[in-house]
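Fold and contact review
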Amino acid sequence: MAEGVLCRESVELSGRERSVLRSMALRGTGSELYCALEAGHGHEHVAPVVVGEWWLRWWPGRRVLESRAECEAVSETGVGCSGPGGHEGGHRFTPADAARHAERR
Ligand SMILES: [Zn+2]
Ligand SMILES: [Zn+2]
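Keep in mind it's a predicted model, so treat the numbers as computed, not measured.

Attention now goes to the coordination of the zinc ion (ligand 1). Protein-derived ligands of the zinc ion (ligand 1) are Cys7 (SG), Cys35 (SG), His41 (NE2) and His45 (ND1), with the metal-ligand distances lying across 2.0 to 2.4 Å. Coordination at the zinc ion (ligand 1) comes from 4 donor atoms whose angles at the metal span 105 to 119°, giving a geometry best classed as tetrahedral. Donor residues for the zinc ion (ligand 1), ordered by position in the chain, follow C-x27-C-x5-H-x3-H. Each member of the pair, cysteine 35 as well as histidine 41, carries the same accessibility label: buried.

Once that is clear, we can look at the pattern of salt bridges. Inspection of every chain in the model, using the stated rule, returns 4 salt bridges. The salt bridge partner of arginine 57 is glutamate 44, with a shortest N-O separation of 2.9 Å. Taken together, the residues span a long stretch of sequence, with arginine 57 in strand β4 (residues 54-59) and glutamate 44 in the loop between β2 (32-34) and β3 (45-50) at a distance of 13 residues. Where arginine 68 meets glutamate 66, a salt bridge forms, and the shortest distance between an N and an O atom there is 2.8 Å. Each of Glu44, Arg57, Glu66 and Arg68 takes part in a single network of salt bridges with overlapping partners.

A word on the sheet that holds β4. As summarised here, the arrangement of the 3 strands in space is β3-β4-β5, forming an open sheet in which the pairing is antiparallel. The open sheet has two edge strands with one neighbour each: β3 and β5 (62-67). Along the sheet, successive strands turn relative to each other by an average axial angle of 20°, direction set aside. Here β4 pairs with β5 via 6 bridges, running antiparallel. Across the sheet, residue tryptophan 59 finds its bridge partner in β5, namely arginine 62. Lying on the sheet, helix α1 (residues 15-23) is in contact with β3, β4 and β5; it crosses β5 at an angle near 10°.

Rules used in this analysis
- Residues numbered from 1 in each chain as written.
- Chains lettered and ligands numbered in written order.
- Predicted model: local features only at pLDDT ≥ 70, side-chain atom pairs only at ≥ 80, totals over all residues.
- Heavy atoms only, no water.
- Donors = N, O, S within 2.8 Å, 3.2 Å for Na, K, Ca; no water.
- Tetrahedral: all angles 85-135°; square planar, octahedral: opposite > 155°, others 65-115°.
- Buried < 20%, exposed > 50% of the residue type's maximum accessible area, 1.4 Å probe, protein only.
- Salt bridge = Lys/Arg side-chain N within 4 Å of Asp/Glu carboxyl O.
- Helix = DSSP H or I, 4+ residues; strand = E, 2+ residues; numbered from the N terminus.
- Pairing = 2+ DSSP bridges.
- Axes fitted to C-alpha atoms, helices over the stretch in contact; angles between N-to-C directions.
- Contact = heavy atoms within 4.5 Å.

In structure tokens form, the structure reads like this:
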């Protein structure tokens, strides 16, 4: 598999999930999220809701909005993995700033 190909499965935050974020005064991304894992990962998709802090994990019939520390893997060039700790698939070494810029669009 070519490096850097993402799953990009899309999911929308439900009204209930948005109100959970609001109740904690968290500023998330837009309501449409994309799986940030490598294409061909296992059954569980993961999308960042609040970069580096909150994630939506989902798979057929179930979805979980949760706070989890970022994956601790670091590339040879010192870039940290942008996935949540314990994620499926390969590590994603994308600088956090680049990820934030992409999400603003
Ligand atoms: Zn996925
Ligand atoms: Zn990782």
